[in-house]
Amino acid sequence: MSACIFCGIVAGTAPATKVHEDDTLCAFLDIRPITRGHMLVIPKLHATNLDDLDAALGARLFALGHRMAKALRRSTLGADGANLILNDGKSAFQTVHHVHLHVVPRHTGDIRSFATGMLFRGRVGSQPDPATTAAAIRTGLDRLDLEESGAKDKEQHA
Ligand code: 5GP
Ligand code: ZN
């Protein structure tokens, strides 16, 4: 699918600030963020919409979105929550036809900046330094890994 911009990002032929990549999935910063740290989680294998997406891969996609939401809470972005949104089909406002899960960081009381971000997508400077933003989220992932390995150690020694 050479015409697909997200396939281009997976292949490395289109630019993106990637936050996470594994054998089947990729997470990168949205170019027109609603809030700082807004990410898209995608399957590497092109799927146009949910009809086209393997169910097991869909489960992995959500699992990574879940993990990213937890990482945002632990990151220096200091998110208190996140909106996970998947627009499936043109009627649901899907504009890029390669399945993607939006992970949008939220902060308590941010309704004004969230609404502004929604209204003026890409015109508000909420992702001014993508490299720093991505590094902050990766720090959250590292903290989550540490927490989880600590919890496993405790279980093993209980
Ligand atoms: P949709 O409306 O299809 O759910 O959302 C598509 C998302 O993809 C939008 O939030 C838009 O800002 C983002 N997007 C579109 N083109 C690019 C691109 O080339 N790079 C990145 N990083 N995001 C993109
Ligand atoms: Zn694609």
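Residues numbered from 1 in each chain as written. Chains lettered and ligands numbered in written order. Predicted model: local features only at pLDDT ≥ 70, side-chain atom pairs only at ≥ 80, totals over all residues. Heavy atoms only, no water.

A.B. asks: Please provide a residue-by-residue account of the coordination of the zinc ion (ligand 2), values included.
C.D. replies: Around the zinc ion (ligand 2), the protein contributes the donor atoms C4 (SG), C7 (SG), H46 (ND1) and H98 (ND1), at 2.0 to 2.3 Å from the metal centre. Around the zinc ion (ligand 2), the four donor atoms are arranged such that angles at the metal cover 104 to 118°; this shape is classified as tetrahedral. If you list the donors of the zinc ion (ligand 2) from N- to C-terminus, the spacing comes out as C-x2-C-x38-H-x51-H. Residue H46 is found in the loop between strand 3 (39-43) and helix 2 (55-74), and its partner H98 is found in the loop between strand 4 (81-85) and strand 5 (101-106); the two are separated by 52 residues along the sequence. (Donors = N, O, S within 2.8 Å, 3.2 Å for Na, K, Ca; no water. Tetrahedral: all angles 85-135°; square planar, octahedral: opposite > 155°, others 65-115°. Helix = DSSP H or I, 4+ residues; strand = E, 2+ residues; numbered from the N terminus.)

A.B. asks: Tell me about the site of ligand 1, residues and numbers included.
C.D. replies: Within the structure, ligand 1 sits among 17 residues, and D30, T95, H100, H102 and R121 are positioned closest to it. One of the side-chain nitrogen or oxygen atoms of N87 is found 2.9 Å away from an oxygen atom of ligand 1. Interatomic distance of 2.8 Å between a side-chain N/O atom of H100 and an oxygen atom of ligand 1. Starting from 530 Å² of accessible surface for ligand 1 in isolation, the protein chains cover 87%. At the level of secondary structure, the elements contributing two or more residues to the shell around ligand 1 comprise helix 1 (5-11) and strand 2 (25-29). The element that contributes the greatest number of residues to the shell around ligand 1 is helix 1, accounting for three residues. (Near = heavy atom within 4 Å. Polar contact = N/O pair within 3.5 Å; in protein donor to acceptor, adjacent residues only side chain to side chain. Areas by Shrake-Rupley, 256 points an atom, 1.4 Å probe, with all protein chains shown as cover.)

A.B. asks: So what's going on with the environment of R36? Which residues, and what values?
C.D. replies: For R36, the position within the fold is in the loop between strand 2 and strand 3. In this structure, the C-alpha to C-alpha distance between R36 and M118, residues 82 residues apart in sequence, is 12 Å. A polar side-chain atom of R36 sits 2.9 Å from a polar atom in the side chain of T133.

A.B. asks: Go over the pairing of strand 1 (residues 18-21) with me, naming the residues and quoting the values.
C.D. replies: In this structure, strand 1 lies alongside strand 2, joined through three bridges in antiparallel fashion. Bridging across to strand 2, E21 finds its partner in C26. Hairpin connection, strand 1 to strand 2: the antiparallel pair is bridged by three residues. (Pairing = 2+ DSSP bridges.)

A.B. asks: Hey, could you go over the environment of H98 for me, with residue numbers and the actual values?
C.D. replies: Relative accessible area serves as the criterion here: at 0%, H98 is assigned to the buried category. Distance in space between the C-alpha atoms of H98 and A82 is 22 Å, their sequence separation being 16 residues. Among all residues touching H98, those that are not within four sequence positions of it are C4, F6, C7, I42, P43, K44, L45, H46, A47 and T48. A polar side-chain atom of H98 sits 2.8 Å from the main-chain carbonyl oxygen of P43. (Buried < 20%, exposed > 50% of the residue type's maximum accessible area, 1.4 Å probe, protein only. Contact = heavy atoms within 4.5 Å.)

In short, shape yes, function no, at least from these values alone.
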